[in-house]
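Here is how the chains run, residue by residue.
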Amino acid sequence: MDTVQKAKKLSMHEVVMRQFNETADAMNLHPSVRRILSVTNNEIMVHFPVKLDNGNVEIFTGYRVQHNNVLGPYKGGLRYHATVDVEDARALAMWMTWKTALAGLPYGGAKGGIKIDPRDYSLGELERITRRFTYALGDNIGPEHDIPAPDVNTNEQTMAWMADTYMSTKSPAIRSMNRHVVTGKPVGFGGLEGRDRATGFGVYLSLRLSYKKIGETLAGKRFIVQGFGNVGYWASHFMVNDGAILLAAQDAHATLYNEKGIDVEQLFEHSKPRKGSIQGFEGATEIEPASFFGLDCDILIPAALGNQITGENASKIKAKFVAEGANGPTDIEGEKILLSKEVTIIPDILCNSGGVIGSYFEWLQNRNGEVWHLEEVMLKIEKKFTENFLKVDAIAAESNKDYRTAAYILALSRIETAYTQRGIFP
């Protein structure tokens with residue numbers, strides 16, 4: 001029998017709990033607050049029927065996990081993916097609690113979705129699935145209670161269907177007052193100009209600020225992106241506009257490489273009619289997926305799914321900066337290896353928080369009956385994001401901790417203060 005065994009791969013929930021417990025130990029988090037934050041408040045699972053285009057009825061399973069709301073209404077995305085389950089939703093909801101607290105927003109954390117591959121369904125079927133899911137959730141969501149947003153394989157159209165369905169369940173007198181039940185809506189239906197690019201913009205800002213700290217710019221920096229959806233595209237867009245070079249892009253269908261740089265806008269236009277797939281793009285060479293993380297580059301942006309950087313592949317990474325555009329892309333063992341190589345990891349709860357900051361401004365815009373324009377929105381996001389980044393950087397320097405630990409310390413401290421001041425009912 002082999003004496004050497006592979007370490008068991010941790011689930012996303014095990015990863016987030018390990019991160020939480022290690023930070024709680026480091027900062028001596030109040031034991032009562034620690035107990036409260038180690039569990040979720042509510043875990044909702046719904047099964048609902050939908051008639052498909054062929055006349056058959058299929059039963060779908062949807063989830064909404066609400067972790068904590070001490071700072072304000074639950075907030076978090078909904079994803080449509082074959083891997084969606086309650087355990088992953090639990091982990092992602094906890095990360096959202098830390099993210100909103102870190103961003104200094106009056107929100108808690110939630111997450112959810114439907115266990116489907118949206119490519120298997122027509123647009124009409126996806127509309128019916130979304131509307132039926134919204135109806136099944138009922139008053140478990142609401143503009144002052146739990147506010148969903150787009151996530152993996154969902155978009156502004158998904159949010160428009162959700163908002164319309166939810167509003168339709170309210171009396172005509174208050175219907176329009178419930179538009180901010182979701183964020184990430186189309187601009188013509190109460191959405192915020194710039195919300196579509198807010199997450200990718202935050203990823204870009206985190207790297208610009210990181211290089212500024214060492215007296216450099218992004219000009220000429222070579223980066224690779226895993227995932228070329230909304231976050232991967234917009235992060236690449238802003239990076240290239242600031243002089244960086246996209247060497248490689250990877251999604252579930254292909255891994256592309258061009259040492260002279262990939263044209264981001266051409267790749268995006270290529271992917272649109274192919275439901276986001278980058279396969280078949282003529283402006284780059286397709287390479288083996290296993291070689292992606294080992295490419296010689298300055299920056300790696302994982303912007304796909306969780307648990308992508310692991311103990312098995314982290315040693316191959318040559319980038320000096322890892323900017324986590326996805327939620328939970330680096331597991332515990334992978335992180336240890338990267339830190340031992342002096343790689344700077346900009347953690348998800350900071351790096352991709354531009355999205356929830358943008359969502360907050362959309363929520364405020366709807367609540368106040370105002371309309372903000374793109375330029376002022378981007379300035380608001382940049383100001384808020386930069387403030388948070390500098391606070392995390394200061395804690396990291398003062399405590400001699402990595403960015404993830406520093407970000408967790410700031411987030412958990414804010415939640416701890418809220419519980420200390422508010423107390424526990426009764």
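Going by the structure above, here's the rest.
Quick caveat: nothing in here was measured; it's all calculated off a predicted structure.

Student: A description of the pattern of salt bridges should follow, citing residues and the corresponding values.
Tutor: Enumeration over the complete set of coordinates arrives at 24 salt bridges. A salt bridge links Glu-43 to Arg-90, with the shortest nitrogen-to-oxygen separation between them at 2.7 Å. Here the residue Glu-43 occupies a position in strand 1 (residues 42-51), and Arg-90 occupies one in helix 3 (residues 86-102), the gap between them amounting to 47 residues. Close ionic contact of Asp-393 with Lys-213 constitutes a salt bridge, the shortest N to O distance being 3.0 Å. Of this pair, Asp-393 sits in helix 12 (residues 374-399) while Lys-213 sits in helix 6 (residues 198-213), and the two are 180 residues apart along the sequence. Of the residues examined, Asp-393 reaches a relative accessible area of 15% and is grouped as buried. A cluster of three or more residues bridged by salt bridges with shared partners is formed by Glu-324, Glu-335, Asp-348 and Arg-404.

Student: Summarise unusual backbone geometry; cite the residues concerned and give the values.
Tutor: The backbone phi angle of Asn-28 is positive, close to 55 degrees, even though this residue is not glycine. Within the fold, Asn-28 resides in the loop between helix 1 (12-27) and helix 2 (31-37). Using a relative accessible area of 65% as the deciding quantity, one classes Asn-28 as exposed. The backbone of Asn-307 shows a phi angle near 55 degrees, a positive value even though the residue is not glycine. Along the chain, Asn-307 falls in the loop between strand 10 (299-302) and strand 11 (321-323). Taking the relative accessible area as the measure of exposure, Asn-307 reaches 10% and is therefore buried.

The rules behind each value
- Residues numbered from 1 in each chain as written.
- Predicted model: local features only at pLDDT ≥ 70, side-chain atom pairs only at ≥ 80, totals over all residues.
- Heavy atoms only, no water.
- Salt bridge = Lys/Arg side-chain N within 4 Å of Asp/Glu carboxyl O.
- Helix = DSSP H or I, 4+ residues; strand = E, 2+ residues; numbered from the N terminus.
- Buried < 20%, exposed > 50% of the residue type's maximum accessible area, 1.4 Å probe, protein only.

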